[in-house]
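Close look at the chain arrangement
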Amino acid sequence: MDTGRDPCPYRILDDIGGAFCMGAGGGTIWYAVKGWRNSPRGDRISGMVTGVKSRAPVLGGNFAVWGMMFSSIDCSLAALRRKEDPWNSIMAGGGTGGVFFFPGG
């Protein structure tokens, strides 16, 4: 079954980069608005830039870690089951949620 995607080792790197870009892009919008609203009237632009520079890369990194975990589990399941189907992604999502939920108690 050809899904049109790269083979697994390259898929993991591709998903890490895509997740980082989504997190950093969304974080840029979120922290720009937050910095604008929480700054005094004369310093809004600098507050916006400071918020984006300090927090958007962190959010992008968090998204990248989630993407790495999801893709690693997805590729592991594809190798174990020897088939590419939607169940791999469903189980990878559940496994990723479980891995990130477990340390929280």
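Quick caveat, the model's predicted, so the values are computed rather than measured.

Turning to the state of the cysteines, a few remarks are in order. Under the defined criterion, the tally for this structure stands at one disulfide. Between the sulfur of Cys8 and that of Cys75 lies a disulfide, 2.3 Å long from S to S. Taking the sign of the S-S torsion, -95° for the link of Cys8 and Cys75, the bridge is left-handed. Here Cys8 is found in helix H1 (residues 8-38), whereas its partner Cys75 is found in helix H2 (residues 44-81), with 67 residues between them in sequence. Of the two residues, Cys8 and Cys75, both sit in the buried class. Of the cysteine sulfurs around Cys21, a residue in no disulfide, the closest is that of Cys75, at 19 Å.

This part is about H1. With 31 residues, H1 extends 44 Å between its outermost C-alpha atoms, agreeing within 8% with the 45 Å of an ideal straight helix rising 1.5 Å per residue. Burial in H1 covers these residues: Cys8, Arg11, Ile12, Ala19, Gly23, Ala24, Gly27, Tyr31, Ala32 and Gly35. Residues of H1 that are buried sit in contact with H2.

This brings us to the pattern of salt bridges. Using the criterion set out here, one finds three salt bridges in the structure. Arg11 is the partner of Asp74 in a salt bridge, and the nearest nitrogen-oxygen pair spans 3.9 Å. Of this pair, Asp74 sits in helix H2 while Arg11 is found in helix H1, placing the two residues 63 residues apart along the sequence. Neither residue differs from the other here; Asp74 and Arg11 are each classed as buried. Several salt bridges share partner residues, and in doing so they unite Arg11, Asp74 and Glu84 into one network.

How each quantity is defined
Residue positions within a chain follow its written sequence, with the count starting from 1. In keeping with the predicted nature of the model, local features appear solely for residues at pLDDT of at least 70, side-chain atom pairs appear and are counted solely at 80 or more, and the whole-chain, interface and lining totals rest on all residues. For side-chain calculations, the full set of non-hydrogen atoms in the structure is used, while hydrogens and water are omitted. In this description, a disulfide is simply a cysteine sulfur pair whose atoms lie within 2.5 Å. A helix here means a DSSP run of H or I that spans at least four residues, while a strand means a run of E at least two residues long, and both kinds are numbered starting from the N terminus. Working definition: with a 1.4 Å probe on protein chains only, accessible area under 20% of the residue-type maximum means buried, over 50% means exposed, and in between means partly exposed. Multiplying 1.5 Å by the helix residue count minus one yields the expected span of that helix. The criterion used for residue contact is that any of the two residues' heavy atoms lie within 4.5 Å. Just to be clear on terms, a salt bridge is a Lys or Arg side-chain nitrogen sitting within 4 Å of an Asp or Glu carboxyl oxygen.

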